[in-house]
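# Descriptive structure summary
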Amino acid sequence: MPRVKVGDIDIHYELHGDGEAIVLISGYGGSSEGWLRQIPDLSHQYCVVAFDNRGTGQSDKPDSLYSMEMMAGDVAGLLDAIDVDAAYIFGVSMGGMIAQEFALRYPGKVIGLILGCTTPGGAHAARPEPESMAYLFDAERHKRLTPEQAAWESLPFLFTQEFIDQNPELVERVIAGRLKYPTPLYVFRSRP
């Protein structure tokens, strides 16, 4: 799969379909594998740009502090490297926060902004439930889990139990995708 140098890292990306570009920005610890259900449909109408954020998937995983500004800059650098002047920007969860930062810093590169399950941050932002925060940031718990255990434990944050029960094949694909290129623990501690 293609990789391109953007700033200080190599970013893995995929292009699917033709038309105006739509960039898919994954959430916390997720990779382009997480878009497996959306890419086929979107690629009928758009040139889908799916990529792995720094620290995830097949992109480089520097052991340093990350920031929203840095990650928005990665998106801009990727678009420049693949000769895309402007795109629809679709971000989910932390990817939505990156998308918002991108739109503020690079408004001329944004055709439209699509945000899913995200927050603008700030004092009045909706906050995740304490259990979610404990799951995401409990380094000791993460050290005790195998990558497979961590992937299975993440499912309730991604899907309802009803969906998990009714879609075992899709759930297995999601788990396989998360295990294929696991996000190192130090990356979770480096995130904004």
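Since the model is a prediction, treat every value here as computed from it, not as a measurement.

Cut-offs applied
- Residues numbered from 1 in each chain as written.
- Predicted model: local features only at pLDDT ≥ 70, side-chain atom pairs only at ≥ 80, totals over all residues.
- Heavy atoms only, no water.
- Buried < 20%, exposed > 50% of the residue type's maximum accessible area, 1.4 Å probe, protein only.
- Helix = DSSP H or I, 4+ residues; strand = E, 2+ residues; numbered from the N terminus.
- Pairing = 2+ DSSP bridges.
- Axes fitted to C-alpha atoms, helices over the stretch in contact; angles between N-to-C directions.
- Contact = heavy atoms within 4.5 Å.
- Polar contact = N/O pair within 3.5 Å; in protein donor to acceptor, adjacent residues only side chain to side chain.

This part is about the pairing of strand 3 (residues 21–25). Extensive coverage of strand 3 is indicated by the burial of five of its five residues. Burial of strand 3 is two-sided: the residues A21, V23 and I25 facing one way and the residues I22 and L24 facing the other way are all buried. Of the strand pairs in this sheet, strand 3 and strand 5 (residues 87–92) are connected by five bridges, and their pairing is parallel. Within strand 5, the position partnered with V23 by the bridge is I89.

Taken in spatial order, the six strands make up an open sheet running 1-2-4-3-5-6, and their pairing is mixed. Each having just a single partner strand, strand 1 (3–6) and strand 6 (110–116) make up the two edges of the open sheet. Neighbour-to-neighbour, the strand axes of this sheet turn through a mean angle of 25°, independent of strand direction. Most of the contacts of helix 2 (residues 68–81) go to strand 1, to which it runs at about 120°, and overall it touches strand 1, strand 2 (9–16), strand 3 and strand 4 (47–51).

Turning next to the environment of S67. For S67, the location among the structural elements is in the loop between strand 4 and helix 2. Judged by relative accessible area, which is 23%, S67 ranks as partly exposed. When the C-alpha atoms of S67 and G55 are compared, they prove to be 12 Å apart, with 12 residues separating the residues in sequence. Of note is the side chain of S67, whose polar atom sits 3.0 Å from the backbone nitrogen of M70.

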